[in-house]
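# Overview (structure and organization)
Letter by letter, the chains look like this.
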Amino acid sequence: MDLSRLKHVRDICPLNASHHATITASKWVLPIAARGRPIAIFEHGHSIALVSNRILTWHRSFTRTTNAPPKFDPPSYIYIHEWVSDVQPKPHEYAGWVPFGFASKQGVTFLDERDHTSLWSSHARRHLKIFQKSGATIRNGTIEEFKKNSHNCYLGESVLEHVLDQTIAVLEERPEDLEIYVAELASEPIGFFIVAHCTEVSQSYYIGGFYTAVGSKQQAITGLINHWFKRSRELGLPHVNFGDMCGPWTPKFDPSIGYSNFKTHFGIHRVWHPQTLWKIRFRLFNLDAVDSTTPGVEIKKPTL
């Protein structure tokens, strides 16, 4: 595996929210993010209550701008507020917040008028020719087919469960935006590819997929990625997002290296999103006097 590819990806820091917006802070994701959890909606983002009890409250807030999320004051002994911004706030904008952890990175390809395969590596183009010569076809499929054939895939159980959970969440809340592509050879599925289309941020997002032993030989995933790029262009979505990937100087034992290196073959930019910001508060007295709501914030029931 040529790991030098990870060092030469075109890296971008998102300075413009409208051009590098993420699905996590969009209005599109709200019903998916909620899924029974308390959520507060404000003008430039939303907050989700990951934990909420007398001992600990943990809010995760997503914003589309550099404006800080509203202040909440829940009646718990320990309060953690995590802020994830689409664009990097300036120091004066996050005064009182502490940066912690690593910046998330995603592999994004920007589609333009050119043939998208012209941006691909020679390795990827060669694999696409193998798929095209195999006689395999691609059609839309269902989550039931994905589940039925998943026992033939290479994915670990935990990864497969995560993919299914995300797929079911989108299917329940945004079924019109979910597509499952199936590569077939001689009427037998050899690969699956699941995506969600979000016109609000002009991106199509890869959720998950797999290939069978036959699909591995016939380069089914590369064929499915080519279909995804074409379909995104048809829908007028100028960006396709492969999801998380590692940075250029990741240790060789990092398990994300393999799939990250694979993504570099498809003309991606590695988009670095801002580091997460945190506030932690400890309260020992007078909990009953605390109001758990925030004036001016639209709260979806149940309240944060």
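Scroll up a little and you will see the structure.
I will try to describe carefully the structure that is included in this document.

Calculation rules
- Residues numbered from 1 in each chain as written.
- Predicted model: local features only at pLDDT ≥ 70, side-chain atom pairs only at ≥ 80, totals over all residues.
- Heavy atoms only, no water.
- Helix = DSSP H or I, 4+ residues; strand = E, 2+ residues; numbered from the N terminus.
- Rg over C-alpha atoms; globule rule 2.2 N^0.38 Å.
- Buried < 20%, exposed > 50% of the residue type's maximum accessible area, 1.4 Å probe, protein only.
- Contact = heavy atoms within 4.5 Å.
- Areas by Shrake-Rupley, 256 points an atom, 1.4 Å probe, with all protein chains shown as cover.
- Lys, Arg positive; Asp, Glu negative; His and termini not counted.
- Charge placed at Lys NZ, Arg CZ, Asp CG, Glu CD.
- Core = buried A, V, L, I, M, F, W, Y, C linked by side-chain atoms within 4.5 Å.
- Pairing = 2+ DSSP bridges.
- Axes fitted to C-alpha atoms, helices over the stretch in contact; angles between N-to-C directions.
- Salt bridge = Lys/Arg side-chain N within 4 Å of Asp/Glu carboxyl O.
- Expected span 1.5 Å × (residues − 1).
- Polar contact = N/O pair within 3.5 Å; in protein donor to acceptor, adjacent residues only side chain to side chain.

This paragraph deals with the overall build of the chain. If you tally the helices and strands in the chain, you get nine helices and 15 strands. Taken over C-alpha atoms, the radius of gyration comes to 21 Å for the chain, in line with the 19 Å a tight globule of 304 residues would show. If one aligns the C-alpha atoms of the chain with their principal axes, the spans along those axes are about 70 × 40 × 40 Å. For the chain, buried positions account for 51% of its 304 residues. Within the chain, contacts between residues at least 6 apart in sequence are counted, and of these 66% link residues at least 24 apart. A total accessible area of about 15,500 Å² is found for the chain, and carbon and sulfur atoms account for 56% of it. Here the chain contributes 33 positive and 29 negative side-chain charges, whose respective centroids are spaced 6 Å apart.

With that out of the way, let us pick up the nonpolar core. W120, F193, I225, W228, F229, F242 and F266 are the most contacted members of the largest nonpolar core, which totals 26 residues. By residue number, the principal contributor to this core is helix α8 (residues 220-234), which donates six residues. Excluding its chain neighbours within four sequence positions, the residues that come into contact with F229 are T109, L111, H116, W120, V240, F242 and F266.

With that out of the way, let us pick up the sheet that holds strand β8 (residues 137-140). Strand order in the open sheet formed by eight strands is β1-β13-β7-β12-β11-β10-β9-β8, with mixed pairing between adjacent strands. In this open sheet, the two strands that pair with only one neighbour each are β1 (10-12) and β8. Each strand axis lies, on average, 30 degrees off the axis of its neighbour in the sheet, ignoring direction. As paired elements, strand β7 (residues 105-110) and strand β12 (residues 239-244) share five bridges and run antiparallel to each other. Bridged to G107 within β12 is G243. Sitting on the sheet, α8 is in contact with β7, β8, β9 (178-185), β10 (188-198), β11 (203-211) and β12, with an inclination near 35 degrees to β10.

Turning our eyes to something else, we now look at the pairing of strand β5 (residues 78-85). In terms of burial, β5 is largely enclosed, as six of its eight residues are buried. As defined by bridge partners, strand β4 (residues 56-63) adjoins β5 across eight bridges and the pair is classed as parallel. From the neighbouring strand, T57 faces β5, where its bridge partner is Y79. Here β5 runs beside strand β14 (residues 277-282); their pairing, made up of six bridges, is antiparallel. Paired with I80 across the bridge in β14 is I280.

Attention now goes to the pattern of salt bridges. For the structure on display, the rule yields eleven salt bridges. A salt bridge links E184 to R139, with the shortest nitrogen-to-oxygen separation between them at 2.9 Å. In this pair, E184 sits in strand β9 while R139 sits in strand β8, placing the two residues 45 residues apart along the sequence. Within this structure, R35, D165 and E172 form a network of salt bridges that share partners.

Moving on to the pairing of strand β13 (residues 269-272). Here three bridges tie β1 to β13, and the two strands are oriented parallel to one another. If you follow I12 over to β13, its bridge partner there is V271. Relative to β13, β7 runs antiparallel, the two sharing four bridges. In the sheet register, V108 faces β13, and the bridge partner there is H269.

Here helix α6 (residues 157-173) spans 24 Å end to end across 17 residues, near enough to the 24 Å set by a 1.5 Å rise per residue. Along α6, the positions that sit buried rather than exposed are L160, V163, L164, T167, A169 and V170. Where the residues of α6 are buried, they touch α3 (30-34), α5 (143-149), β9, β10 and β11.

Glancing now at the side chain of N241. Mapping N241 onto the fold places it in strand β12. Side chain to side chain, N241 and Q203 meet in a polar contact 3.1 Å long.

None of this, on its own, says anything about what the molecule does.
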